[in-house]
Amino acid sequence: MSETTNLNIAVIGAGPGGYAAAFLAADLGMSVTLIDPELNPGGVCLYRGCIPSKALLHVAKLIEESHQAKDWGIDFAPPKIDLARLRGWKENVVKKLTGGLGVLSKQRKVRYLQGRAAFESSTTLHVTRADGSGESLAFDRVILATGSRPAIVPALKLETPRMMDSTGALNLEDIPGTLLVVGGGYIGLELGSVYAALGTRVTVVEMLPGLLPGADRDLVLPLHKRLEKMLDGILLNTTVASVKDEGSGIRATLKTQDGATQEKVFDRVLVSVGRKPNSEISGLDKTRVQVGPRGFIQVNKQLQTDDPDIYAVGDAVGEPMLAHKAMHEGRTAVEAIAGHKVAFEPNAIPAVVFTDPEVAWCGLTETQAQNENREVKVAKFPWAASGRAITLDRPEGMTKLLIDPQTERVLGVGIVGVGAGEMIAEGVLAIEMAALAKDIALTIHPHPTLSETVMESAEVFFGTSTDIYRPKRG
Ligand SMILES: Cc1cc2nc3c(=O)[nH]c(=O)nc-3n(C[C@H](O)[C@H](O)[C@H](O)COP(=O)(O)OP(=O)(O)OC[C@H]3O[C@@H](n4cnc5c(N)ncnc54)[C@H](O)[C@@H]3O)c2cc1C
C-alpha cells in the first residue's frame, strides 16, 4: 500500500462527513483546512438536526412515561414546563458537543476557517469569512461535505414565523396550541412527538398511504397505534393544497386523494417533506464535478467526483441522508486520498426513527424483497413474550430477521420498540459479518434484556424458541 500523506487538503463543510474527514486526514499527517460558516464544527447534525432533536425527544419520553406511571401506582403532578430552561438545556447540549469538536480540531492542528468557500478552480478556493474578509487558498485535494437543507414546497411558502421548517421547530419559540406537521417521515414524526408531549395538539398529514414510507408496515404499525393516541390526527393519502396567513393562525386546505377538501386553522405549521442536497456551490462550474438530476454530486466508490482532485461525501452525494453514512464516507474519501485500497460499499446502513416506540432497520427490508421478487424467510419475535419488555410495560414491540432460505444468512433486521435504535447495531454487525441465523441463535444474550429478542427471533426461525408457543406445522 503506497501512502500519500504529505498533502494539503481542504474540507468544505464541517458536519459529520466533513469533520470526520478533516480529523482523520490530520491524524494521517495531512495539512488540513476545514471551512464552515458556524463557530465550531458540527454541521446540521449537531446544530440543527440529530443532536438537538434527540435532546428534546429525551424530554418528551420523560413526560410520556410520567403519564404512564399512573398505571404503576405512581401519580405525578402535570409537568410545569419552563420553556426558556428547556431551550437552554438543549442549547447547552449543542454547545458542549460543538465546543468539544472545536477543541479536537485545535488539538489536531486543523486550520478551522469560519466562512463560506467558493471554487476559483479545481484546487483553488476563495473563502469569505464571517466578518466579510476573504482569501484565496490553493490545495492538493478538496473534499466537499456541504450537506443538505430542508426541501421547500412552493405552495407552502409563507413569510410568517408561524410556518416552520425543522430548524424553526427546534428553536422551540413557544408551545403552540395546535401544530400541523406536513410530512409523515422521520423528522416530522420526531418533532411532532416532541410538541405533542409538551402539550400541543398535533395533526400529521402524509400524502402516501402510510407513515414512514420506506419502512416495513409491520414495523410502523405499533408506532402508528401509539401516535394515534398521542396526536390529534394522522391524515394519510392527504396533501396540503394551500396555506393562508390569517394573522391569528394559518388556514390550511387539506385535500384527500379522492379530491375531498377540508380547511383547518393551526397556530403553527411544520413543513418536513424531505431534504435537498447543497450542491449549488459557488464556482463549481469551474471544476469538472458533475451533479445528477436529483441534485446529488456524483461520486464513485472512493467518493471521488468526475474531477480527480475533488471528493464529495455525506448528504450532498446521496441517500440515505444520515450522519453515520456521512462519517463513514468522509473517512473513506480521506483513505482513498491517502492511497489506501478502500471503497464505500457497506452491506447495511442502519436507519433509526427516534420516536416512542423507536423504529429501526438495516439491510434488506420485506418491502424491498417483495419488490425484487426475492425469496426470504421472515422470523418474528413479539415483545409480548419478552420479560424485559413486560417489566418496562412496553410489550408492543417486535423484532424480525430476514433470512436467506438457502444459506440461512441474515439479510435484514427490523425492530420496533423502546431502544430499537441501540439494538439495531447488532443487526448491522450480523449482516456485515455474514452471520447465519444459527450464529445469532447460539450467541448467549444477557437476560433480561430487549437484546434477547434478536436471539429469540433466530430461534423462531428454527422453531426452537422456548419463550413462545408455535405448534409445528404439518
Ligand atoms: C431535524 C433533523 C434530525 C436529524 N436526525 C438525524 C438522526 O437522528 N440521525 C442521523 O443519522 N441523521 C439525522 N439527521 C440527518 C443528519 O443531520 C445529516 O445526515 C448529516 O448532518 C449530514 O452530514 P453532512 O456532513 O453531509 O452535512 P451537514 O451536517 O449538512 O453539514 C454541512 C455543512 O456544510 C456547510 N456548508 C455548505 N456549503 C458550504 C460552503 N460553500 N462553504 C462552507 N461551508 C458550507 C453547511 O453550513 C453545514 O454546516 C437529521 C437531520 C435533521 C434536519
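In this text, all values refer to a predicted model and were calculated from it rather than measured experimentally.

This part takes up the pattern of salt bridges. Within this structure, the stated rule accounts for 23 salt bridges. Residue Arg251 is joined to Glu246 by a salt bridge in which the shortest nitrogen-to-oxygen separation is 2.6 Å. The class of Arg251 is partly exposed, set by a relative accessible area of 27%. The exposure class of Glu246 is partly exposed, given its relative accessible area of 32%. The salt bridge involving Glu396 is made with Arg394; its shortest N-O contact spans 2.6 Å. Residue Arg394 is classed as buried on the basis of its relative accessible area, which comes to 2%. Where salt bridges share partners, they join Asp216, Asp218, Glu366, Lys380 and Lys400 into one cluster.

Two modes of strand pairing occur in sheets, parallel and antiparallel, and in both the strands are linked by backbone hydrogen bonds. If you walk across this open sheet you meet the 5 strands as S8-S15-S9-S10-S11, and the pairing is parallel. Where the open sheet ends on each side, the last strands, each with one partner, are strand S8 (163-164) and strand S11 (233-235). Here strand S9 (residues 178-182) pairs with strand S10 (residues 201-205) via 5 bridges, running parallel. Its bridge partner being in S10, Leu179 is matched across the sheet by Val202. Together, S8, S9, S10 and strand S15 (268-271) form the strand contacts of helix H6 (residues 186-198), whose direction differs from that of S10 by roughly 165°.

For the rest of this paragraph, the subject is the site of the ligand. Surveying the vicinity of the ligand reveals 37 residues, the closest of which are Gly17, Asp36, Lys54, Asp315 and Ala323. Within the side chain of Tyr186, a nitrogen or oxygen atom sits 3.1 Å from a nitrogen atom of the ligand. Counting only elements with at least two residues in the shell around the ligand, the list comes to helix H1 (16-27), strand S2 (31-36), helix H2 (43-48), helix H3 (50-68), strand S3 (111-119), H6 and helix H8 (323-338). It is H2 that contributes the most residues to the shell around the ligand, 4 residues altogether.

Our focus in this paragraph is helix H4 (residues 83-107). When the terminal C-alpha atoms of H4 are compared, their 36 Å separation across 25 residues agrees well with the 36 Å that a helix rising 1.5 Å per residue should span. What H4 keeps buried is the set Leu83, Leu86, Lys90, Val94, Thr98, Leu101, Gly102 and Ser105. Those residues of H4 that are buried are in contact with H1, H2, H3, S3, helix H5 (166-171) and H6. Positive backbone phi, approximately 65°, marks Lys109, located one or two places after H4.

To continue, consider the packing of aromatic side chains. Under the definition given, this model contains 2 aromatic pairs. Summarising the aromatic geometry, the rings of Phe461 and Phe462 are spaced 4.9 Å apart at their centres and angled 75° between planes, so their arrangement reads as edge-to-face. Looking at Lys438, its charged tip hangs above the ring of Phe462, at a distance of 4.3 Å from the centre.

Turning our eyes to something else, we now look at the packing of H6 against helix H7 (residues 217-230). Where H6 contacts H7, the two axes come as close as 11 Å, and the packing angle between them is 35°. When the axes of H6 and H7 are compared, the crossing they make is left-handed. Contacts between H6 and H7 involve Leu189, Ser193, Ala196 and Ala197 from the former and Leu223, Leu227 and Met230 from the latter. The residue inventory of the contact of H6 with H7, partitioned by class, reads 6 nonpolar, 1 polar and no charged.

With respect to the secondary-structure elements, Val334 resides in helix H8. Among the residues examined, Val334 registers a relative accessible area of 1% and is labelled buried. The contact partners of Val334, leaving out residues within four places of it in the chain, are Ala21, Leu24, Ala25, Leu28, Met30 and Ile143.

Right, let's get into the layout of surface pockets. Of the voids in this model, the second largest pocket is the one considered here, and its volume is about 1200 Å³. Taken together, 42 residues make up the lining of the second largest pocket; nearest its centre are Gly185, Tyr186, Val273, Gly274 and Arg275. Elements represented by at least two residues in the lining of the second largest pocket include exactly H6, strand S12 (238-245), strand S16 (275-277), strand S18 (351-353) and strand S19 (358-363). Looking at the lining of the second largest pocket, its residues break down into 24 nonpolar, 13 polar and 5 charged.

Here we come to unusual backbone geometry. The residue after Glu319, namely Pro320, is reached through a cis peptide bond having omega -10°. Topologically, Pro320 is positioned in the loop between strand S17 (310-312) and H8. Cis geometry is adopted by the peptide bond preceding Pro357, which originates at Asp356 and carries an omega value of 5°. With phi around 55°, Ala434 is a residue other than glycine that occupies positive phi space. Inspection of the secondary structure puts Ala434 in the loop between helix H11 (420-432) and helix H12 (437-442).

Of all the 6 residues making up S19, 5 are buried; the element is thus mostly covered by neighbouring parts of the structure. Where S18 and S19 come together, 3 bridges link them in antiparallel fashion. By the bridge assignment for S19, Val352 is matched with Ala360. Hairpin connection from S18 to S19: 4 residues lie between these consecutive antiparallel strands. Direction of pairing for S19 relative to strand S22 (residues 410-417): antiparallel, over a ladder of 6 bridges. Note that in S22 the partner of Glu358 across the bridge is Gly417.

Turning next to the pairing of S12. Alignment of S12 against strand S13 (residues 250-256), held across 7 bridges, turns out to be antiparallel. Bridge pairing links Val240 to Leu254 in S13. As consecutive antiparallel partners, S12 and S13 are separated by 4 residues, and within that stretch Gly247 has a phi angle of approximately 80°, a positive value.

What follows deals with helix H13 (residues 452-462). Taking burial as the measure, the 11 residues of H13 include 9 buried ones, the bulk of the element. Those residues of H13 lying buried are Glu452, Thr453, Val454, Met455, Glu456, Ser457, Ala458, Glu459 and Val460. Just beyond H13, the residue with positive phi is Gly463, at close to 70°.

Calculation criteria
- Just so you know, the residues in each chain are numbered from 1, in the order the chain's sequence is written.
- For this predicted model, a pLDDT threshold of at least 70 governs which residues receive local features, and a threshold of 80 or more governs which side-chain atom pairs are given and counted, while totals over whole chains, interfaces and linings are taken from all residues.
- Hydrogens and water molecules were not included; the side-chain quantities draw on all heavy atoms of the structure.
- By definition, a salt bridge exists where a carboxyl oxygen of Asp or Glu is found within 4 Å of a side-chain nitrogen of Lys or Arg.
- Under the scheme applied here, a residue whose accessible area is under 20% of the maximum for its type counts as buried, over 50% as exposed, and between as partly exposed, the area being computed with a 1.4 Å probe on protein chains only.
- Only strands that DSSP links by at least two bridges are regarded as paired with each other.
- Starting at the N terminus, helices and strands are each numbered in turn, a helix being any DSSP run of H or I of at least four residues and a strand any DSSP run of E of at least two.
- When checking whether two residues touch, look at their non-hydrogen atoms; a contact exists if any pair is within 4.5 Å.
- Axis geometry follows a simple rule: fit a line to the C-alpha atoms, using only the stretch in contact for helices, then measure angles between N-to-C directions, giving values from 0 to 180 degrees.
- Put simply, a residue is near a molecule or strand once any heavy atom of it comes within 4 Å of that molecule or strand.
- In the analysis that follows, any N or O atom pair within 3.5 Å is treated as a polar contact, provided that within protein one partner can donate a hydrogen and the other can accept it, and provided that, for residues neighboring in sequence, both atoms belong to side chains.
- One fewer than the residue count of a helix, multiplied by 1.5 Å, yields its expected span.
- Here a pair means two rings of Phe, Tyr or Trp (six-membered ring of Trp) with centres within 6.5 Å. Their orientation is stacked below 30 degrees between planes, edge-to-face above 60, and tilted elsewhere.
- Our definition puts a charge over a ring when NZ of Lys or CZ of Arg is within 6 Å of the ring centre and also within 35 degrees of the ring normal.
- What makes a crossing left-handed is the near helix being turned counterclockwise from the far one by less than a right angle; a clockwise turn instead makes it right-handed.
- Asp, Glu, Lys and Arg are counted as charged, while Ala, Val, Leu, Ile, Met, Phe, Trp, Tyr, Cys and Pro are counted as nonpolar; the rest, among them Gly, fall into the polar class.
- Grid points spaced at 1 Å over the protein atoms alone were grouped into cavities, where a 1.4 Å probe fits but cannot get out, and pockets, open sets with protein on both sides within 12 Å along at least five of seven lines, with lining residues defined by an atom within 4 Å of a point.
- Grid points are joined across faces, edges and corners, and a volume is the space filled by probe spheres set on the points.

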